[in-house]
Every structure is written in C-alpha cells, then in structure tokens.
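Reading the structure
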Amino acid sequence: MATIAGDLGKSVAARAGRRVAGSAWIVPPLIIIAALFVYPLVLIVRQAFTDADGLVSLAPLLDVLASRSFAGALVNTLEIALASTAACIVLGSVLSIIFSFVPFPGVAFVARLIDTYIALPTFLVTLAFTFIYGSAGIINAGLMHALHLQLPPVQFLYSAWGVVLAEMTVYTPFIMRPLMAAFSLMDRSQIEVASSLGGRPSYVLRHVIVPAALPALLAGGSLCLLLTVNEFGIVLFIGAKGVITLPLLIYTKAIQESDYSAACGIAMINIALSLGLFTLYRLIIARIGKANAAVVH
Amino acid sequence: MLLWSTRSKAAVWTVAGVIGFAVYLLPMAVIIMASFAGQWNEALPSNFTLYHYTQSVQGDSASQLFASLVTGALASLFALVIGAWAALALRGVGRTWARLLTPVFFIPSAVPSVSVGLGLLVAFSQPPVLLNGTIAIVLIAHFVLISAFTFGNVSAGLERLSPDFEQVAESLGARPSYRLRHVTLPLMMPYLLAAFSLSFALSMGELGATVMVYPPGWVTMPVGIFSLTDRGDVFQGAALTMLLVLVTLFVLVAVSKVPTKAAAQR
Amino acid sequence: MPTASLAAAMTQEAAMTRDAASAGTRVSFDKVTIAYGSSTIVDQLSLSIDPGEILALIGPSGSGKTTALRALAGFVRPIAGRILIGDTDVTNLPPYARDIGMVVQNYALFPHMKVEENVAFGLKARKAPSELIKERVASSLKMVGMSGFLGRYPRQLSGGQQQRIAIARALAIRPRVLLLDEPLSALDAQIRRNMVEELAKLHRDLPGLTVLYVTHDQVEALTLADRIAIMRGGKLAAHAPSNALYRRPPNRFAAEFLGRANLLEVQLGGHEQGTPYVRADFGGAILLANANPQLRQGDKALLCVRPHDLVLRRGEDHDNTIEGTVHNLQWHGDQHALTIGLGDDSIVRVVSAPLREPPAPGTTIALHFAAEDATLIAHEAA
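Residue numbering note: each chain is counted from 1, following its sequence as written. The naming scheme follows written order: chains are lettered A onward, ligands numbered 1 onward. Reporting of local features is limited, given that this is a predicted model, to residues whose pLDDT is at least 70; pairs of side-chain atoms are given and counted only at 80 or more, and all residues count toward the totals for whole chains, interfaces and linings.

**Overview of the packing of helix 14 (residues 260-288) of chain A against helix 4 (residues 95-110) of chain B**
Rule in force here: Whenever a helix is involved, its axis is fitted only over the stretch in contact; in every case the axis is a line through C-alpha atoms, and angles between N-to-C directions fall within 0 to 180 degrees. Strands are runs of DSSP state E lasting at least two residues, helices are runs of H or I lasting at least four, and both sets are numbered from the N terminus onward. Every angle not falling under 35 degrees, over 145, or within 65 to 115 is termed oblique; those three ranges are roughly parallel, roughly antiparallel and roughly perpendicular. Should the near helix be turned counterclockwise from the far one by less than a right angle, the crossing is left-handed, whereas a clockwise turn marks it as right-handed. Contact between two residues is assigned when their C-beta atoms, built from the backbone, lie within 7 Å. Residues are grouped as follows: Ala, Val, Leu, Ile, Met, Phe, Trp, Tyr, Cys and Pro are nonpolar; Asp, Glu, Lys and Arg are charged; all remaining types, including Gly, are polar.
Contact geometry of helix 14 of chain A with helix 4 of chain B gives a least axis separation of 10 Å together with a crossing angle of 125°. When the interaxial angle is binned, helix 14 of chain A and helix 4 of chain B end up oblique. Two packed elements cross with a definite hand, and for helix 14 of chain A against helix 4 of chain B that hand is right-handed. Contacts between helix 14 of chain A and helix 4 of chain B pair A:Ser274, A:Leu275, A:Phe278 and A:Arg282 from the former with B:Pro103, B:Ile107 and B:Ala110 from the latter. Partitioning the contact of helix 14 of chain A with helix 4 of chain B into residue classes produces five nonpolar, one polar and one charged.

Structure representation (structure tokens):
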C-alpha cells in the first residue's frame, strides 16, 4: 500500500516536474520580446517625462498635449481612421456579398487577387494615385483636355480624402476575409427557403444575410480601425500640408526636429490608443469566436 | 442563389467589375505603365523605355535591393524561429499562463511601427547597448514588427494539428525532442512556410520603423522609393516599386513551391 | 380601424381557404430537361401531381429527384420544357413569385430570429397586415403542435421541434404547393416515426394542399403518399398509386427499388380458364400469376413475388409451390429472414413472422404463395 502510494506520488511529481521543465521553454522568447520590445517602450515612457535638462518633469508632456499640432494630429488620425474603416466596411461588404452570393466563373481567383494586396507595401497604392488622381494625372489631364479647363479640377488627392481612398484600397481585404469566411459557413438553404417564402433579393439581403455578417463585420471593422490608426506609409507619401496624423507627427518631431521628448510623449499616447483598440479587437474576437472572424492574427 | 434573372446578375457583375477595376486593377496597371514611361504629360504616358529598370539594378538602387533582401530574409528567419518557438512552448505551460502570455506575443503588431522605431532609437542610442547607426537596429525593428505574424500563423497551424500524431509518437517511445524534429515540425511545415512568406512580404514593404532607425549605409527599398518620389523622380520610383513587388512575389511563389513531405491532416 | 381590417383579412383568409379546399392546385412537369455542361440531370421529365395529393418522388442517389424538386421551387432553371403550377407557367418565375412553401432536411431556421419571427417571415416579406400575421402565426404553430414556443430561438429547440417550426413557417403563407426535401432524414428514428404520423395528419387537415415529397426512405413514401413516382438516371421509371405500385410493379427497377422482390424467370403459357390468372412455366413447374396485358403467351417474363408473401405452411389460396434448399436463416427479433436456393441456382428470400421451429440450413423445404400475390413483369437483365 505504502509503495503504491509512493509510486503514485512519484509519478505525479515527475509529471509536474516535466511540466515545469516544459514551461521553461517559453522563457527565451519572452526574454527576447522583453529586451527588444518592452524595454524600448519603457524607455519611451521615461523619455516622455524627461525635459531638455534631463530631469524628470511633466512639462514636455503637457506642452505636447497643449500644442495645436498635437491636437490637430489626434483629430486627423481619428477622423481618417473612422472614415477609412467606414469606407472599407462599405466596399468590403458590397464585394463580399457579390462574390459570395452572386458568384461568377473565376470568383475564387479574383478574391485571392484582391487578397494579395495585403502583401504589397501600402505606399504602392499611394504612388499609383498620384498618377491617376494627381494634378498631372490621368483624370485631371483627361478632364482638362475634354472640358478645356485651365486648372486641374480633381484635387482631393492632396487632402485627408486621398489618404482615406488609399487606406480603403489597402485595408478592405481585412474586411473581406472574415466576411467571406462567415458567408461560406452560412447555411445556403436559409437563403433559398427565404426566397421561396416570398423574399425578394433585397429583403433576403437585409433580413437573412446581413444579420449573419454582423459578427464578422465587427471583428474586421475593429481590426481595420487599429490598422488605419497606425498607418504611416500612406500619409507620408501623400505628404499633404495639413494632413498630419500621430505617426507622421512622431516622425517629424524625432527625425526633423530632434525633439525626442515631444516625440516620445506623442508616441506614448499613440501607443495607448493602439493598445486600447487592440484590446477591443481581442475582446470582440473572444466574444464571437475565432471561426467567425477568420483571424489573420 | 440570391439573384434569379440573368439581367440583374449581369447588372451586379458590371458594378463589381467597375469597382474592382477602378479600385484594384487600375493602380497596378498605372504603376506598371509609369515604370516604363519616359514622359507623362497627357492622360497617358509616352516615350516608353527600360531606362528606369536598368537604373534600378545599378548603383544606389541595387544596394537598396540588397539591403531589403538581406533584412527581409534575416528578420523573417529570426521571427519564424522565435515565433514558432513561442507558439510551441506555450503548449507546455498551464492554461492561465497561456492565456496571459499569448497577447504579449501579439502586441508588437498592434503598436504603430513608427513608435517601435522610436523606441529602438531611444533605447539603443544610450548605454548599456549602443546600436544606433548599425544594421542590427534595422534588423531588430523588422523582427519585432513581424514576430507577431509568425507567432499567429504558427499558433493557428498548431491548433489545427490533431494531437493524435504526437500522442501516438509518444506511445511508441519517442522523446520530446525527437517528436519535435520528426513529427511536429514536418507536419507544421506548410504553416511555417506560409508564415515566412508573409513575414518576408511585410518586411519588404516596411517603412514606418525603418525610416526612424536606418543608418545611411543601409537604405531599404521603401525608404529609397520615398526619397525618389519626394524629389519628383516618380517614374524611377515606380520602377523600383515594381521591382520590389516582383521580388516579393517571386520569393512568395518560390517558398510555396518548396515540397513539404507531409500535408498536415485538417 | 383595426376590427374592420381584421374582419376583412379574415374574410379574405376564409375565402382563400375555401378556394384552396375546393380547388387545390395541379402541378405539372412538361418534358422538363435540366443539364449542367455535358451531364443531363433530369431528362425530359413529364409528371403531374393532382390537386390536393401527396406525391412521393423516390429514387437512388443521382436520380435527379432533388433537382426536379428544386426546379419546381425555382432554384434551378430547366434548359427545356415547362413547369406549371395551376394554370400558370412558372418556368421563368423567380422563387419568391411562385407561391410555394418549402421544408428542407436541415430545417434552415433563421438563427437570429425567434420562432415567432421565423414563422412570420414569409408574411412579412409579402407585406401582410400585422393582424393577419399574428393570427396566421398562431394557427400555423397550433397545426404543428408548437403553440407555446413563440419566444424561443432555434438553438433552444431539438431537431424535431425545429422541423415542426420549419413546417409551420412554410404553411403560414398558405402556399398552393408544399415541397418537402427529405424533411425527416436528419431526425432520430423514433422522432421520425412520430413525424410521419404528424405529417399524415397535417395532410388530412389541409385537403387543398398539393404536396411534393422527396425522400429516399421507402416507408415514408408508402405511408404518406397517395402516388409514388420513381426516378432513375434522370428519367421517370414508374408512376402509380402507392398500393398499386407496390403490389403490381410495372417494371424490374420498380419491383426491386420499392420493397424487396423475388424475381423468377418464367416462360408464359396460356390463360387459365375461369380465373384472371395466366400459367407461367418455371423450370418445369407451372405457376399461376396475375395476367399482364402487355405480355403474350410464349414471352419470357419475370414473376415477382414479395418475400413476405412466401409461406412455409400451405394455406387455402396458396396455389403455387416451389422447392428449394435453405442457405441461410437470420432472426431479426420481429421476423425470420430465410435465403433459399432454388434448383436453377437462383436465390429467393422469405420473410415470415418468427418461427417456433425454424428449418436448419441445408434442409429442403417447400414454399407456397398465392396467385393473387404474383405479378408478371417484362423480362429485363439485372
């Protein structure tokens, strides 16, 4: 009896020991992330509270918060992010519904092609836009020639709208992925039965398809919001006066003005905003389930 | 199954076609045209030439290509190793720890890239570790940004992997390290390759952190393209962008063609 | 004024019910062909369903029965032929304009809507007045015995309950035709048996409703259907009232597909005087069977007798006798199944109520059956 209990105890201890040894494997990656990511973040926070003389102070941060450039950048960032996300949701929904419910031969290929845009640099689209919508671009040149105008009529590119259009192009796939995954999981006979009961296409769309899409839209939308708040390349390439977002402001302060305390202060706030949106995104994913979101991450 | 008449279907397809063309095909087509253009004064370009492309494999542009490729390969490799390591190791910790630590590995992708660059700049421009002005800091920046994606891909793949394989291997007497090398990793190979591809593509296009930390001797293609377009050399910029896209796609396709002996059971 | 409109709605409702009860709606497939690319799924199908009857459409997988139902619903467009509901040619009408109700195998209840909203869906889509909707929802749920479930969500219901809601949802719009596509296949055997009875009762309560019932379960078909149509390879293989189809199968496929059949190869002799029977020569033995007007003396034919019509103890009307050796004997609890080998190397199956002294394998036994239970079919290879 004693030996059996002893053996049992030994094997439990052994398994626990293996467990501890097994969990030790997580430590090296943790150390690397801590050293290369957490440590720099901590230093950002420290720098944000360090003034020009190297002393700890709230002044740099308060200056930043009070400055007009910061307020403008914050408002721009949020406005552009919300507008882009809304545009992504609209475009992504339209295309996803068409691809999923009014399919044509080769629709899978087309969907994959759009999906590849995720792998391309974000400034590619912006560069292309200068050729299409720029002052000397296709549309302006064509309109000026056709309507005999002196000045280029289409000027929206060098404004927040240009950024929104570019971000819409680049981030719509992040809406389409979870949406099309959700639609593919949907029971097709629901749509057929709804039609047989008398539902015209628009009625079925509104009452059967859209409710099924909402969880995926929520997940994709919150991801889009996060990504557009963080976007830098597009804003840099548009380079329009007055269109400054938080990431661009950080770059300007740090690299062009060498004002590291201000840059770190802005970065701290930018990071806090991003982490908040990221938490929101993870909470939404947790609620609606991974299958519904076709999570990229 | 939503629309019933050929007429309404045709109308919808036309709308989709117009949108798809205007939003996704047109930019690609325009960049391609611009990369071959000598002049673009009217609505369409003229004076087609290969000059920009020949320029892009010489001098500055060539070294930028080299820098991007090396950074991409090294950062992706490192990110793959660490990301996969973390994903595999998390299976061995208790459930509460796993739930707490998983977000830690995802967070680097949530933070804006410029801030990551700024952090690295601030942290490694002072003792104890001085790295500013070196190539290493660029590599580290890329690594931090893409490690979350490799971690995510590998975690997703591990979730799909049936525990039967490893349990059977264990019952046959295989020790953990043997199982890892001969069962788990081969079955995970498709996911590992996909993770590498994605990381490589992201690294090739990375701008926000790179522009904060790059030393003058290590200019990556995105930074180079920005300089070109900033000073008005848009056609050259377009050509270099096309080169970036082609190289990225080439690596993606090449990696996808690597034969994997075992297709994981879904 | 609410009461006036409700009264108007109910009068209209009563009128519709009267019409439906008296008239019913005929459904016709007129040389309907459905093909995808190079494969023909339904080949010139001509079939009609009488007003108010239940037609069961059965057949092996790939026979085209589900496609035929989906064509009637409007989800599949034929490349040739017409489909008529009543006097209306619906071939080119979209599904929402055909006035049909549909019930599918996996219920397809809308998960984000409560039972009440599910059942009301069709009426709301047709913009019916709200009093009519409320009244119809209540009466439809009562018809399927689910009155107390208005506020539940589909995920809170069992399979059988969900299917009843699906039926109520289809009936709420008072369709002219009800289409059922393997409605009981996803349910447990016990629930399925109950549902068959409930469907039979529903049919009795709604005499004007024409029903197309696609199933692979022959018991459902035989229990519920007024007539049965058998499809094979996209074509109609047999079409007759259930009883007649079972007792007098018109061809080999129908004989073997609906129920089990023993087919004896015989040579036809002449008419047996004073009876409706004909003599059939089975390897020397003379058997009597029901005359088949399409077969003449001297023809080769198949004599079909069902396993449960073969008995081991001869009774009064068992005019026919064949002899064979017992190959196999299986007890199924409520029956004994025997496999008997005959002289010409063919096999015959017998099903009987449990035997107190079952014959051992290897023994020679005599089997008897009545001429009335024997049907002659044109000879075809298997």
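**Overview of the interface of chain B and chain A**
The interface is formed by 68 residues belonging to chain B together with 71 residues belonging to chain A. Tallied by class, residues from the side of chain B that touches chain A come to 53 nonpolar, 13 polar and two charged.

**Let's talk about the interface of chain A and chain C**
Contact residues are listed per partner, giving 15 residues for chain A and 17 residues for chain C. Contributions of two or more residues to the side of chain A that touches chain C are made by helix 10 (188-196) and helix 11 (201-230) of chain A. Sorting elements by how many residues they give to the side of chain A that touches chain C places helix 10 of chain A first, with seven residues. In terms of residue class, the side of chain A that touches chain C is made up of six nonpolar, six polar and three charged.

**Focus on the sheet that holds strand 17 (residues 347-352) of chain C**
In a beta sheet, neighbouring strands pair by backbone hydrogen bonds and run either parallel or antiparallel. Residue and element names in this part refer to chain C. Defined as follows: Each pair of strands is called paired provided DSSP finds at least two bridges between the two strands.
If you trace the four strands from one edge of the open sheet to the other, you get 17-16-15-18, paired in antiparallel fashion. Of all strands in the sheet, those with a lone pairing partner are strand 17 and strand 18 (364-369), marking the two edges. For this sheet, the mean angle separating the axes of adjacent strands, direction not counted, is 45°. With six bridges joining them, strand 16 (residues 336-342) and strand 17 adopt antiparallel strand pairing. By the bridge assignment for strand 17, threonine 339 is matched with arginine 349.

**Comments concerning unusual backbone geometry**
All names here are of chain C. Note the following rule: A residue is called partly exposed when the number of other C-beta atoms within 10 Å of its own lies between 12 and 20, exposed at 12 or fewer, and buried at 20 or more, with C-beta atoms placed from the backbone.
Within the chain, lysine 31 stands out as a residue other than glycine whose phi angle is a positive 50°. With respect to the secondary-structure elements, lysine 31 resides in strand 1 (residues 27-36). Classification of lysine 31 as exposed rests on a count of 12 C-beta atoms within 10 Å. Even without a glycine there, the phi angle at aspartate 99 is positive, about 60°. Checked against the element boundaries, aspartate 99 lands in the loop between strand 5 (88-89) and strand 6 (100-103).

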